[in-house]
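Summary of the model geometry
What follows is the residue order along each chain.
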Amino acid sequence: MPTASMDAQARKKTLRMFSNGMYVLTSRSGQAYGAATVTWVSQASFKPPLLMTAVRRDSNVYRCLAESRIAAIHVLAADQQDIAQKFFAPTTASAGMINGEPFVDGKTTAPVLRNTPAHVECRVQQIFDHLGDHSIVILEVVEAEFRCEARPLTIGDSPWEYGG
């Protein structure tokens, strides 16, 4: 809980200076799909390879990954702001498309976007859903695909802000 003396504007501006990439998180549970642009993702362990991400509990992607325990995280290239924008909207999936982007089922059955430079497929290891307004999800990387070199998109390179 912030102290009464903390300057709220200083906190917001400072937290927005943290370097965050922009990724697309996808999941599915049965025939339900979830996908969202996320910015709070970080590697947490080498052995086993773990990632941690923060996910809004009221999102389709959170419901899907909490039920199925699978997810994929897609790296976006610096010139893929258009793809990031598509996943700010509610999830729609049909005929091999999710929010207008082509996908295939990954080895875990998580939706894997076809047009990103790289992605990882993961199994949910733990969810901390009582600490704040986002759940912290610990994911174990079980599959990876590297398609091409690309400078990753960061929130600092985009017109958007998230944090603070």
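Figured I'd write up the structure that's included with this text. (Residues numbered from 1 in each chain as written. Predicted model: local features only at pLDDT ≥ 70, side-chain atom pairs only at ≥ 80, totals over all residues. Heavy atoms only, no water.)

**Re the layout of surface pockets**
Put simply, the largest pocket is a space of about 470 Å³. Lining the largest pocket are 24 residues, with Ala36, Thr37, Arg56, Phe87 and Phe88 sitting closest to its centre. Mapped onto the lining of the largest pocket, the elements with two or more residues apiece are strand 2 (32–38), strand 4 (50–56) and helix 2 (60–68). Broken down by element, the residue count for the lining of the largest pocket peaks at 4 residues, all from strand 2. Residue classes in the lining of the largest pocket are distributed as 15 nonpolar, 6 polar and 3 charged. (1 Å grid on protein atoms, 1.4 Å probe; cavity = no way out; pocket = protein on both sides within 12 Å on 5 of 7 lines; lining within 4 Å. Points joined across faces, edges and corners; volume = space filled by probe spheres on them. Helix = DSSP H or I, 4+ residues; strand = E, 2+ residues; numbered from the N terminus. Nonpolar A, V, L, I, M, F, W, Y, C, P; charged D, E, K, R; others polar.)

**Brief notes about the pairing of strand 5 (residues 70–75)**
Within strand 5, 5 of the 6 residues are buried, which leaves the element mostly enclosed by the surrounding structure. Direction of pairing for strand 1 (residues 23–29) relative to strand 5: antiparallel, over a ladder of 4 bridges. Bridge pairing in strand 5 places Thr26 opposite Ala72. Two strands pair when backbone bridges link them, and strand 5 and strand 10 (residues 118–128) are joined in this way by 6 bridges, in the antiparallel orientation. Opposite Ala71, over in strand 10, you have Cys122 as the bridge partner. (Buried < 20%, exposed > 50% of the residue type's maximum accessible area, 1.4 Å probe, protein only. Pairing = 2+ DSSP bridges.)

**Some points on unusual backbone geometry**
Glycine aside, the phi torsion of most residues is negative, and most peptide linkages are trans. That bond from Lys47 to Pro48 is cis: its omega, -5 degrees, falls within 30 degrees of zero. With respect to the secondary-structure elements, Pro48 resides in the loop between strand 3 (41–45) and strand 4. In the Ramachandran plot, Ala95 falls in the positive-phi region, its phi being about 50 degrees despite a non-glycine side chain. Its location among the elements puts Ala95 in the loop between strand 6 (93–94) and strand 7 (97–98).

**Describing the environment of Arg147**
With respect to the secondary-structure elements, Arg147 resides in the segment after strand 11 (134–146). Looking at Arg147, the relative accessible area reads 30%, which means it is partly exposed. Each residue touching Arg147, except ones within four places of it in the same chain, is listed here: Val112, Leu113, Arg114, Asn115, Thr116, Pro117, Ala118 and His119. At 2.9 Å, the side chain of Arg147 forms a polar contact with the backbone oxygen of Thr116. A distance of 3.4 Å separates polar atoms of two side chains, one belonging to Arg147 and the other to Glu145. (Contact = heavy atoms within 4.5 Å. Polar contact = N/O pair within 3.5 Å; in protein donor to acceptor, adjacent residues only side chain to side chain.)

**Here we look at the sheet that holds strand 6**
An order of 6-7-8-9 is seen for the 4 strands of this open sheet, with the pairing classed as antiparallel. Edge positions in the open sheet fall to strand 6 and strand 9 (111–113), since each of these has one partner strand only. Here strand 8 (residues 101–105) runs beside strand 9; their pairing, made up of 3 bridges, is antiparallel. Pairing of Phe103 across the sheet is with Leu113, part of strand 9.

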